[in-house]
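Take a look at the letters that make up each chain.
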Amino acid sequence: MTTNLRICLTVLSVGFAVEGASELYSWATPGADHAGLNVLFLLPTALTVVGLLFVWIGRHEWTELHRQRSRQATLIFGLSLVGGAVAVAEVALLVAYPSIGTPLWAELLFGAAVASLLLGTFVTYAYLVFHLVRAPSQAALAAAVAWAFIVSGVITVVLAGDLPTVLGLIQSRSFTVPSFLAPVSSLISYLFISYFLLLAAYFEAHLAVARGLPPGSVAARPKPASDPPR
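A short tour of the structure in this document, coming up. Bear in mind that the values here come from a model prediction, so they are computed numbers and not experimental data.

Thresholds applied
Residues numbered from 1 in each chain as written. Predicted model: local features only at pLDDT ≥ 70, side-chain atom pairs only at ≥ 80, totals over all residues. Heavy atoms only, no water. Helix = DSSP H or I, 4+ residues; strand = E, 2+ residues; numbered from the N terminus. Expected span 1.5 Å × (residues − 1). Buried < 20%, exposed > 50% of the residue type's maximum accessible area, 1.4 Å probe, protein only. Phe/Tyr/Trp six-rings, centres within 6.5 Å; stacked < 30°, edge-to-face > 60°. Core = buried A, V, L, I, M, F, W, Y, C linked by side-chain atoms within 4.5 Å. Contact = heavy atoms within 4.5 Å. Axes fitted to C-alpha atoms, helices over the stretch in contact; angles between N-to-C directions. Parallel < 35°, antiparallel > 145°, perpendicular 65-115°, else oblique. Left-handed = near helix turned anticlockwise from the far one by under 90°. Nonpolar A, V, L, I, M, F, W, Y, C, P; charged D, E, K, R; others polar.

## Regarding helix 5 (residues 135-161)
Think of an α-helix as turning once every 3.6 residues; residues three or four places apart then point the same way. Helix length check: helix 5 (27 residues) gives 40 Å between terminal C-alpha atoms against 39 Å at 1.5 Å per residue, within 8%. Restricting attention to buried positions, one finds in helix 5 the residues S137, Q138, A140, L141, A144, A148, V151, S152, I155, T156, L159 and A160.

## Notes on the packing of aromatic side chains
On inspection of all chains with the given rule, the structure shows seven aromatic pairs. Their ring planes at 75° and their centres at 4.8 Å tell us that F16 and Y125 sit as a pair that is edge-to-face. On the criterion of sequence distance, the pair formed by F16 in helix 1 (residues 3-28) and Y125 in helix 4 (residues 104-129) is long-range, its members being 109 residues apart. The exposure class of F16 is buried, given its relative accessible area of 1%. Members of the aromatic cluster, each reached through a chain of ring pairs, are F16, F122, Y125, Y195 and Y202.

## Side note on the nonpolar core
F110, F122, V129, I155, L191 and Y202 are the most contacted members of the largest nonpolar core, which totals 41 residues. Beyond its immediate sequence surroundings of up to four residues, F122 is in contact with V145, A148, L191, S194, Y195 and L198.

## Brief notes about the packing of helix 1 against helix 8 (residues 192-210)
It is the contact of helix 1 with helix 8, at a shortest axis distance of 8 Å, that shows an interaxial angle of 155°. In terms of their interaxial angle, helix 1 and helix 8 are classed as roughly antiparallel. Crossing angle aside, the handedness with which helix 1 passes helix 8 is left-handed. When its residues are assigned to classes, the contact of helix 1 with helix 8 shows 17 nonpolar, four polar and three charged.

## Section: the environment of A87
Tracing the chain through its elements places A87 in helix 3 (residues 64-96). Residue A87 is classed as buried on the basis of its relative accessible area of 5%. Filtering out sequence-adjacent residues up to four positions away, A87 remains in contact with F110, A113 and V114.

Right, dumping it as structure tokens:
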């Protein structure tokens, strides 16, 4: 019984349902004061950490195929966290040395680093179970990542132009919610499409594991039966 894998899938699926419903509500009610504005990236990141923790705990339960997939998924997620660290380090550098200003390369790096944290979580979700599901669900996973890539690209452009505002708030020691987070939150709300696509694919992964099929067997195609002897 792949108990920890099932817990991982459950944790992530609950997260997809909550985030999908939340972002759908945000998308359907533009301009409203949404409670999640201050934690745009925290919930998906936290759920990913919890899910991968159960993957690591249950690594002895699985075939070599799934162990390899889980290691690579963890690496992908780690690289996305590096993007967040790069954004923080860049802001710290620009605050410490204001003479640098905010050149174009700094704005683009900041936007891309923050957006990579968002995109990296979706790539992690898809890669983790891609081998557990059949072609239709694999297409749903690919579509979820593709849509997240488009949204992340737009967010990169928006955040790039807001780097001077971020630096100004830090230098003035202002702890108010920046006004530019509102349009970013509106963009993120479009990710409800990706979340619901992931939820559908993870539902099939749940069924595969619940039936007791070893990881990797769902995506494998049975060999054709040999011709009977004549």
